[in-house]
Amino acid sequence: MSSHFLGVDWQLVADNHELLLGGLRYSLTLTASSMAFGIVLGCVLALMRLADNALLRNIAASYVNLFRSIPLVLVIFWFYFLLPFFGFKLGPDKSVFITFAIFEAAYYCEIIRAGIQSISRGQVGAAQALGLTYAQSMRYVILPQALRNMLPLLLLQTLVLFQDTSLVTIIGIKDFMGSNVVVASNNGALKEMYTFAALGYFCVCFPLSMALKKLHKRIAVIR
Amino acid sequence: MNLHIDWGVLLQESPTGDGPYWKLLLTGLKWTTATALSGWLLALVIGAVAGVIRTAPIRALALLADAYVEVFRNIPFLVQLFFWFFVLPEILPAGAGRWMKQDMPYPEFLTAAVGLGLFTGARVAEQVKSGILSLSRGQKNAGLALGLTLPQTYRHVLLPMAFRIVIPPLTSEFMNTFKNSAVALAIGLTELTFQMKQMVEYSSQVIVTIFAVTVLYMFMALLVNRLMAWIERRARVPGMIAGGGK
Amino acid sequence: MIEINKVSKWYGEFQVLTDCSTSVAKGEVVVVCGPSGSGKSTLIKCVNGLEPFQSGTISVEGTSVGDPKTNLPKLRARVGMVFQNFELFPHLSITENLCLAQEKVLGRNHDEAMEKGLKLLDRVGLKAHAGKFPGQLSGGQQQRVAIARALAMDPIAMLFDEPTSALDPEMVNEVLDVMVQLAKEGMTMMCVTHEMGFARKVANRVIFMDRGSIVEDAHKDEFFGQPRSERAQAFLSKILHH
């Protein structure tokens, strides 16, 4: 019986399942870590952008502007070339964790900033009229509302981030796409393995994006 | 690697046979621009058509357009490019496949431009659809109530307003086509990032090279931004808040 | 002229119209009122086919609205409609709003359409604003332009869907004045509105709707004098004494 279905050689996939699963695990780890550090750094940047201090505002704005103007591939190469240049011997598969956190923070920052700004000024006034301090009104009034508003967008950005992690293949890292490339070239099976890679990403991303749409609608109704 | 920063390297001859290094980067800039612009034009056409179809009352067509958007939004662009470049010639009928592999002019560029157009088109379609849906239902009814047919209502009432509403989100999609074109280095397109990689490897002038290329990308982003802001100003309707719906 | 016969409509499981029957004769002014959610706006949108309905028939001058063979754009071009939120086209100037359908639907040339449009604009007292855009006018002015836009098509009847309910109180009268004028000139009108003063002044009949059904359909004097149903009485006392 032929092991081909949907243009994929499933026997080949089964033979290399350890490599491919390892790649998927790498992609997911990179996504999770970049999301966590990206959101933390993004929060800091967002608060800086909303600060009264003009210097802080300008630093954060330049950071965001820079990283939103240049390709992620370019930033990956920055760190790929620059870290060894300055004497850091991390190896590409570790250094991209830094690259992605720094790059994605710029995008998370804008989502968080818009989320905070979406809360009407009246809410700040109401909180302060009740005698809450600035920190208290942020903590108990503004951020809980803002977080709910921006949650779908934060998750959507994370889904984009997961797709973006495939770019580390370009510097030879064996993430999910990278391990597909390895199996493909070792076995002369480009057609089969690249089809499998496309199917694989789709099967992860499509259900998640559908779930996100539902979440978005639900939150929009509550609002 | 060379710790000494030497701006003169840009004038030195590169070993690739493309002339001095600045020319190497210029070639890259040319391919980046060509890929981004042709991909963008294609994306606008595909996105506008697919976006309109998704709001039209023809169920089968709308489903087809939805499927297109979902497929192209849920697979990374790099994987899509590999598919078009390595898989498509294999699964096409033999004659067409052979043509793609042997006779198609500028294979890397054409694959990148069409691939980018299809990828970005799905995103544009999403924006166009939400632009049309953000117009109140009453606008469509008002057009129909005057006796306009549904296509006329789209042409004269819904699309002109939807177009204005989607300009801001399309600005960032337009910028994305420049950024995403860098992914095409993976199939060997000698665009800007590809040329940067070459220049770093041959000249060892990491800082100078990275700086020059980064500035070029930022300059392109600025240009796109200004252009779209100009279009937005030109399209503004008196008495309405910029880009506002309803 | 407008015959509505046993019309029912469902949104999925939910029935929004139940066996509605009534008619509007040529030159007659009929006001439709009732609490919100009673189906009155839905009913009036069925008359020009903006809302499909599942059973019953509606005909306008003998043309059946529900018939799939009917050329709906042609029918709609002959029946004017004015909406709650004006629905002027924000990207077109006032004159362009007035000319668009005249040119695209009736095939009038631009000069002809312009002349007609300006004449009607003058009639609603807004000639000075011809070159402006909708966003530059007040709500009351926009609604008067919307009426002129509908009249420019030389309609045989006009449908009004709560034309004053989105307006600030001080602007209601400028719109009602135009509508009263229109009624006095003999225009056939079907108006969904809560403006009972308007109904008293010009309506021939008043239809009261509740929960998707027509509860009362009576001559104006009869309706205001002694409404038969309790629901209509309750509605009237709420709307008249507050």
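Computed from a predicted model, the values in this text were never measured in an experiment.

The partner chain B presents 23 residues to the 24 residues of chain C that form the contact. At the boundary of chain C with chain B, total buried surface from both sides reaches about 2,000 Å², with 67% on carbon and sulfur atoms. Together, C:Phe89, C:Pro90 and C:His91 form the three largest contributors to the area buried by chain C at its contact with chain B, with a combined 28%. Where chain C touches chain B, the interface holds 0 salt bridges. Our count for the contact surface shared by chain C and chain B stands at 4 residue pairs in polar contact (both at pLDDT 80 or more). Among the elements of the structure, helix H2 (72-78), strand E6 (79-82) and helix H3 (94-104) of chain C are those that each provide at least two residues to the side of chain C that touches chain B. Among the residues making up the side of chain C that touches chain B, the classes are represented as 14 nonpolar, 4 polar and 6 charged.

As a further point, take the pattern of salt bridges. The final tally for this structure, using the stated rule, is 20 salt bridges over all chains. C:Arg78 is paired through a salt bridge with C:Glu61; the nearest N and O atoms lie 2.7 Å apart. Highlighted residues: C:Arg78 in helix H2 and C:Glu61 in the loop between strand E4 (55-60) and strand E5 (63-64), separated in sequence by 17 residues. In this structure C:Arg78 comes out as partly exposed when scored by relative accessible area, which is 36%. Linking C:Asp217 and C:Arg205 is a salt bridge whose minimum nitrogen-to-oxygen distance equals 3.0 Å. Pair noted here: C:Asp217 is in strand E10 (residues 213-219) and C:Arg205 is in strand E9 (residues 205-210), with a separation of 12 residues, a long-range link. Since its relative accessible area comes to 15%, C:Arg205 is described here as buried. Within this structure, A:Lys213, B:Arg54, B:Asp66, B:Glu70 and B:Glu126 form a network of salt bridges that share partners.

Moving on: the UniProt feature "transmembrane region" (unreviewed entry) in chain A. UniProt feature "transmembrane region" (unreviewed entry): in the numbering of this structure it lies at residues 26-48, 60-83, 95-112, 153-173 and 193-212 of chain A. From the first C-alpha to the last, residues 60-83 of chain A spans 23 Å; its make-up is 92% helix and 0% strand.

Residue and element names in this part refer to chain C. Along the chain, Ala 152 turns up in the loop between helix H5 (139-151) and strand E7 (157-161). For Ala 152, a relative accessible area of 0% translates into the label buried. For the pair Ala 152 and Gln 102, spaced 50 residues apart in sequence, the C-alpha to C-alpha distance is 7.1 Å. Not counting chain neighbours up to four residues away, the residues in contact with Ala 152 comprise Leu 98, Gln 102, Arg 108, Lys 116 and Leu 120.

On to the sheet that holds strand E8 (residues 189-192) of chain C. Residue and element names in this part refer to chain C. Read across the sheet, 6 strands follow the order E6-E7-E8-E3-E9-E10 without closing on themselves; strand pairing throughout is mixed. Pairing within the sheet leaves two strands with one partner each, and these edge strands are E6 and E10. Here the strands of the sheet are splayed against their neighbours by 15 degrees on average, with no regard to which way each runs. Bridge count between strand E3 (residues 29-33) and E8: 4 bridges; the pairing is parallel. Counted as the bridge partner of Val 29 is Met 189 from E8.

As a further point, take the UniProt feature "transmembrane region" (unreviewed entry) in chain B. Within the UniProt annotation, "transmembrane region" (unreviewed entry) is assigned to residues 31-53, 74-92 and 202-224 of chain B. Secondary structure across residues 202-224 of chain B divides into 91% helix and 0% strand, with the first and last C-alpha atoms of the span separated by 31 Å.

A full pass over the atoms with the stated rule returns 0 disulfides over all chains. Here C:Cys46 is not cross-linked by a disulfide; its sulfur's nearest cysteine counterpart is in C:Cys20, at 8.5 Å.

Before going further, it helps to spend a moment on the sheet that holds E5(C). Residue and element names in this part refer to chain C. Strand order across the open sheet formed by 4 strands is E2-E1-E4-E5, with antiparallel pairing between neighbours. The open sheet has two edge strands with one neighbour each: strand E2 (14-24) and E5. Bridge analysis of strand E1 (residues 2-11) against E2 gives 7 bridges, and the strand direction is antiparallel. Residue Glu 3 lies in a different strand from E2, and its bridge partner there is Ser 23. Taken strand by strand, helix H1 (residues 40-47) contacts E1, E2 and E4, and its axis lies near 120 degrees from that of E1.

Criteria and thresholds
- Residues numbered from 1 in each chain as written.
- Chains lettered and ligands numbered in written order.
- Predicted model: local features only at pLDDT ≥ 70, side-chain atom pairs only at ≥ 80, totals over all residues.
- Heavy atoms only, no water.
- Contact = heavy atoms within 4.5 Å.
- Buried area = accessible area lost by both parts, 1.4 Å probe.
- Salt bridge = Lys/Arg side-chain N within 4 Å of Asp/Glu carboxyl O.
- Polar contact = N/O pair within 3.5 Å; in protein donor to acceptor, adjacent residues only side chain to side chain.
- Helix = DSSP H or I, 4+ residues; strand = E, 2+ residues; numbered from the N terminus.
- Nonpolar A, V, L, I, M, F, W, Y, C, P; charged D, E, K, R; others polar.
- Buried < 20%, exposed > 50% of the residue type's maximum accessible area, 1.4 Å probe, protein only.
- UniProt positions renumbered as here; feature names shortened; annotations may be inferred.
- Pairing = 2+ DSSP bridges.
- Axes fitted to C-alpha atoms, helices over the stretch in contact; angles between N-to-C directions.
- Disulfide = S-S within 2.5 Å.

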